[in-house]
Amino acid sequence: MPKSVSGSIKGSMVEGNPTKPLIGFALPMVAGNLFQQFYNIIDSIIVGNVVGEDALAAVGASTAITMLFVMVAIGTGIGCSVVISQLFGAGQLEKMKTAISTALLSVLGFSIFLSVLGVAINQPIMHLMGTPENIFADAAEYMQIYFLGFVFLFLYNAFSAIFNALGDSKKPLLFLAFSSLLNIGLDLYFVARLHMGVAGVAWATLIAQGISAVLSFGFLMHKLKGIATESYRRFDKGLLKNMIKVAIPTIVQQSIVSVGMLLIQSAVNRFGSTFLAGYTAATKIDSIAIVPMVAVGNAASTYVAQNMGAKKPERIRQGYRICLIMAAGIGATIAVILHLGGSQIVGLFLDAGSSAEAIRIGTEYLSTVSLFYFMMGLMNVSNGILRGAADMGWFLSCSLCNLLVRVSLTYALADVTGGMIIMWASPAGWLAGLIIAVIRYLQGGWKEKNIL
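A brief structural summary. (Residues numbered from 1 in each chain as written. Predicted model: local features only at pLDDT ≥ 70, side-chain atom pairs only at ≥ 80, totals over all residues. Heavy atoms only, no water.)

1. What about the overall build of the protein?
Scanning the protein for helices and strands turns up 15 helices and zero strands. Taken over C-alpha atoms, the radius of gyration comes to 21 Å for the protein, in line with the 22 Å a tight globule of 452 residues would show. The dimensions of the protein, computed from C-alpha atoms along their principal axes, are 65 × 45 × 35 Å. Counting every position in the protein, which comprises 452 residues, the buried fraction comes to 60%. Of the roughly 17,000 Å² that the protein leaves accessible, carbon and sulfur atoms contribute 67%. Averaging the locations of the 28 positively and 20 negatively charged side chains of the protein gives two centres separated by 17 Å. (Helix = DSSP H or I, 4+ residues; strand = E, 2+ residues; numbered from the N terminus. Rg over C-alpha atoms; globule rule 2.2 N^0.38 Å. Buried < 20%, exposed > 50% of the residue type's maximum accessible area, 1.4 Å probe, protein only. Areas by Shrake-Rupley, 256 points an atom, 1.4 Å probe, with all protein chains shown as cover. Lys, Arg positive; Asp, Glu negative; His and termini not counted. Charge placed at Lys NZ, Arg CZ, Asp CG, Glu CD.)

2. Let's talk about the packing of aromatic side chains
Per the counting criterion, the structure on display carries 16 aromatic pairs. Geometrically, the ring pair formed by Phe69 and Phe150 is tilted, given 4.8 Å between the ring centres and 50° between the ring planes. Of this pair, Phe69 sits in helix α2 (residues 53-90) while Phe150 sits in helix α5 (residues 150-165), and the two are 81 residues apart along the sequence. Summarising the burial analysis for this pair, Phe69 and Phe150 share the class buried. By the ring-pair criterion, three or more aromatic residues cluster together here, those being Phe69, Phe110, Tyr142, Tyr146, Phe147, Phe150 and Phe154. (Phe/Tyr/Trp six-rings, centres within 6.5 Å; stacked < 30°, edge-to-face > 60°.)

3. Topic: unusual backbone geometry
Even without being a glycine, His195 presents a positive backbone phi close to 55°. With relative accessibility at 63%, the residue His195 sits in the exposed group. Look at Ala390: it is not a glycine, yet its phi comes out positive at around 65°.

4. With respect to the nonpolar core
One broad rule of soluble globular proteins: the nonpolar side chains tend to lie buried together. Counting 135 residues, the largest nonpolar core has Met96 and Tyr373 as its most contacted members. With residues near it in sequence (within four places) discarded, Met96 still touches Ile84, Leu87, Phe88, Leu166 and Ile227. (Core = buried A, V, L, I, M, F, W, Y, C linked by side-chain atoms within 4.5 Å. Contact = heavy atoms within 4.5 Å.)

5. Looking at the packing of helix α10 (residues 291-309) against helix α13 (residues 373-388)
Describing two packed helices takes the angle between their axes plus the distance from one axis to the other. At their nearest, the axes of α10 and α13 sit 7 Å apart, and the two run at 20° to each other. Classified by the angle their axes make, α10 and α13 are roughly parallel. For α10 against α13, the interelement crossing comes out right-handed. Residues Met293, Val294, Val296, Gly297, Asn298, Ala300, Ser301, Val304, Ala305 and Met308 of α10 lie in contact with α13, whose contacting residues are Tyr373, Met376, Gly377, Asn380, Val381, Gly384, Ile385, Arg387 and Gly388. (Axes fitted to C-alpha atoms, helices over the stretch in contact; angles between N-to-C directions. Parallel < 35°, antiparallel > 145°, perpendicular 65-115°, else oblique. Left-handed = near helix turned anticlockwise from the far one by under 90°.)

6. Quick look at a nonpolar patch on the surface
On the surface, Leu148, Phe178, Tyr189, Leu194, Met196, Trp203, Ile207, Ile211, Leu215 and Phe219 cluster together to form a nonpolar patch covering roughly 830 Å² of accessible area. Of all the elements in the fold, those that place two or more residues in the nonpolar patch are α6 (170-193) and α7 (197-225). With respect to the helices, strands and loops of the structure, Phe219 is situated in helix α7. When its relative accessible area of 40% is taken as the criterion, Phe219 is described as partly exposed. (Patch = residues over 30% accessible without salt bridge, like charges linked within 9 Å, V, L, I, M, F, W, Y side chains within 5 Å. Salt bridge = Lys/Arg side-chain N within 4 Å of Asp/Glu carboxyl O.)

7. Notes on the state of the cysteines
Tallied over the entire structure, the rule returns zero disulfides. Cysteine Cys323 remains unbridged, with the sulfur of Cys398 as its closest cysteine sulfur at 16 Å. By relative accessible area, Cys323 is classed as buried at 0%. No disulfide involves Cys401; its sulfur sits 7.9 Å from that of Cys398, the nearest cysteine. The exposure class assigned to Cys401 is partly exposed, which follows from its relative accessible area of 24%. (Disulfide = S-S within 2.5 Å.)

8. A word on the pattern of salt bridges
In total, this model carries six salt bridges according to the counting rule given. One salt bridge in this structure joins Asp168 and Lys171, with 3.6 Å as the shortest N-O distance. Among the residues examined, Asp168 registers a relative accessible area of 11% and is labelled buried. A relative accessible area of 29% means that Lys171 is categorised as partly exposed. One salt bridge connects Lys223 with Asp168, and the closest N-O pair in it is separated by 3.6 Å. Of this pair, Lys223 sits in helix α7 while Asp168 sits in the loop between α5 and α6; the two residues are 55 residues apart in sequence, bridging distant segments of the chain. Put simply, Asp168, Lys171 and Lys223 are held in one network by salt bridges that share partners.

9. Brief notes about the packing of helix α9 (residues 273-289) against helix α12 (residues 356-369)
Between α9 and α12, the least distance of the axes is 7 Å, while the angle of their chain directions is 40°. By the angle between their directions, the pair α9 and α12 is classed as oblique. As α9 packs across α12, the resulting crossing turns out to be right-handed. Contacts from Thr274, Phe275, Ala277, Gly278, Tyr279, Ala282, Thr283, Ile285 and Asp286 in α9 reach Glu357, Ala358, Ile361, Gly362, Tyr365, Leu366 and Val369 in α12. Counted by class, the contact of α9 with α12 contains 10 nonpolar, four polar and two charged residues. (Nonpolar A, V, L, I, M, F, W, Y, C, P; charged D, E, K, R; others polar.)

10. Section: helix α14 (residues 392-417)
Over its 26 residues, α14 runs 36 Å from end to end, which matches the ideal 38 Å to within 8%, given 1.5 Å per residue. Along α14, the helix axis deviates most sharply at Tyr411, where the bend reaches about 35°. All of the buried residues along α14 are Met392, Phe395, Cys398, Ser399, Asn402, Leu403, Arg406, Val407, Thr410 and Ala414. (Expected span 1.5 Å × (residues − 1). Bend = angle between axes of the 7 residues up to and from the residue.)

11. Re the environment of Gly388
Within the secondary structure layout, Gly388 lies in helix α13. Assessed through its relative accessible area of 0%, Gly388 is described here as buried. In the structure, Gly388 is positioned 225 residues away from Phe163 in sequence and 16 Å away in space, judged by C-alpha atoms. Leave out the neighbours within four places in its chain, and Gly388 touches Val82, Gln86, Ser301, Val304, Ala305 and Met308.

Here it is in structure tokens:
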């Protein structure tokens with residue numbers, strides 16, 4: 001097919017002024033990713049208020065691990081979507097459908113492998129992280145159920161990434177909204193009515209993700225039938241190799257946040273369950289607060305990939321500027337909200353009468369970290385440019401530098417600061433990653449990369 005054909009298909013961002021389509025594409029991604037984090041927020045609020053502080057700490061003790069695998073799932077989907085976006089932008093629609101089929105079959109096999117592995121190593125991981133004995137059983141049970149739902153988690157994220165690669169960010173938003181509401185209802189039923197405790201929270205998430213995955217699959221098949229093509233292959237090793245080239249560095253990058261959380265969690269676990277409860281509440285809020293900036297970076301990645309596929313790198317500068325403004329503005333707005341109402345938001349997770357110290361710790365953490373959210377947004381957009389261009393060496397370097405700075409500062413100064421170095425370690429890592437990404441963007445070597 002000719003390369004111009006994609007420009008006439010809904011979802012393409014390779015022609016005209018990019019401002020309106022890029023904003024229209026990015027905003028549903030922001031809302032969709034917020035709904036995805038909404039799962040964990042509701043879990044924590046219900047557990048903290050209905051079951052108690054120890055139950056919240058149990059969920060928190062497993063948060064770093066669950067977020068690690070969520071990021072692996074998201075990274076796998078995004079890695080595949082870069083290749084799919086470039087093929088879409090190039091108008092190679094038969095090859096694009098082959099890439100989608102190849103991606104889904106590969107993700108299915110990968111998720112089953114990780115599910116079996118997770119069940120096998122669940123308790124050793126919890127011991128390795130130094131999980132306090134009074135919450136160990138609940139934390140391990142939560143993780144065991146979570147691992148069983150990996151197929152739904154990975155396939156759903158793959159479906160969402162494919163929709164986004166085709167320029168359709170509204171469908172994932174609708175599925176996530178439905179799934180979040182279902183998750184809330186199941187949480188209340190399993191935990192508040194059936195008194196299933198932490199296990200009820202895990203089952204609610206698994207069921208909600210499962211139903212969303214099935215619905216997403218049906219709508220994706222319908223959408224692909226609407227894109228007229230001749231025959232395509234079910235599996236292509238060459239395309240899989242290209243997707244792996246992007247997916248592996250993307251998985252590493254998406255996992256950086258969670259690996260950092262995992263290592264930092266191990267460093268702060270020894271400060272006791274009160275500190276851990278406050279830190280857990282703060283990181284739950286932090287995880288949802290940074291999602292909009294991450295989503296804008298992902299939108300930038302799709303925009304760049306489509307235009308690189310269409311051989312129009314000259315359009316990227318304007319899109320980059322639009323995304324930088326969006327990310328910085330969102331980050332500043334969230335910072336203001338958390339400064340004005342941080343203690344009240346943290347208080348949603350804990351009982352004010354019995355957990356005053358935990359609330360203080362969580363509020364102090366958020367008050368400091370939120371000042372630098374704008375910088376985190378700039379870093380994610382700049383990384384998104386490199387990822388969309390498949391400039392994976394530099395992309396990965398930014399992420400690894402971010403991780404190294406965060407973990408090094410935490411372990412070097414945790415005891416001296418009573419654990420509160422964690423509030424400065426993240427901004428320091430974001431700054432390091434941003435500097436490297438901007439240097440590469442200005443140098444311009446990313447324009448020469450080609451994954452097709």
